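# An overview of the molecular structure
Each chain, letter by letter, is given below.
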Amino acid sequence: MATKVKKMLFILSKATIENVYAAFVMANGARMEGIDADIFFTFFGLEAIQKKKLNNLHVATVGNPAMHIPTMIGGLPGMEALATKMMKKEMDKLDMPPVDEFLEILSDSGCGLWACKLAVDMFHLEEKDLIDDLDGVLTIGDFYNKADTENAQIVFI
């Protein structure tokens, strides 16, 4: 049965490994199903498309209920690094590509990759700081216009 969803738009607001890969996997899955997909990187989500930061993302150990550890333990020195190492090891077992490769895969598949103008300005970023595969810098209004089509869904991550 054909899906009624024609377009998926993801808003990525945090560049923790778990959030970035959630958005990337869902956008990639959409493209594999023939569904148009766009990712809008805003606020701290911009780190996922900053050349200097994208391959150094971490797992959030403090205040993350999925970690099943007390916040105090998650804040101990080295816990974030340990959790990140463990997560990357498990992702390697599944042949998950690193962030830079995954962005290239998404771009090549036709997924739109967009930076939020407000956040870019707020963090004093320039286009040279961002990945080459970026489709552009948009205002939130421009991004919402991309959703102005029948059977489009927006997911905030």
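Notes on the structure follow. (Residues numbered from 1 in each chain as written. Predicted model: local features only at pLDDT ≥ 70, side-chain atom pairs only at ≥ 80, totals over all residues. Heavy atoms only, no water.)

## A short note on the pattern of salt bridges
Close approach of charged atoms lets side chains of opposite charge pair. Inclusion rule: Whenever Lys or Arg places a side-chain nitrogen within 4 Å of a carboxyl oxygen from Asp or Glu, that contact is recorded as a salt bridge. Each residue gets one of three labels from its accessible area relative to the maximum for its type: buried under 20%, exposed over 50%, partly exposed in between, using a 1.4 Å probe on protein chains only. By definition, any uninterrupted DSSP run of H or I lasting at least four residues is a helix, any uninterrupted run of E lasting at least two residues is a strand, and each is numbered from the N terminus.
What the rule picks out here adds up to seven salt bridges. With its nearest N and O atoms 3.7 Å apart, the salt bridge here joins E47 to K53. The partly exposed category is assigned to E47, whose relative accessible area is 26%. Of the charged contacts in the structure, one is a salt bridge between D121 and K117, with a shortest N-O distance of 2.8 Å. Of this pair, D121 and K117 are both found in helix α5 (residues 117–122), four residues apart, which corresponds to roughly one turn of the helix. In this structure D121 comes out as partly exposed when scored by relative accessible area, which is 42%.

## Here's the deal with the nonpolar core
Put simply, the rule is: The term nonpolar core refers to a set of buried residues drawn from Ala, Val, Leu, Ile, Met, Phe, Trp, Tyr and Cys, joined through side-chain atoms within 4.5 Å. Contacts are assigned to residue pairs with any non-hydrogen atoms lying within 4.5 Å of each other.
Judged by nonpolar contacts, the single largest core of 45 residues is most densely connected at F24, I39, F41, I49 and L103. Broken down by secondary-structure element, the contributors of at least two residues to this core are β1 (7–12), α1 (17–32), β2 (36–41), α3 (79–93), α4 (99–109), β3 (112–116) and α5. Among the elements that make up this core, the one with the highest residue count is α1 (seven residues). The contact partners of F24, leaving out residues within four places of it in the chain, are I39, F41, V99, F102, L103 and L106.

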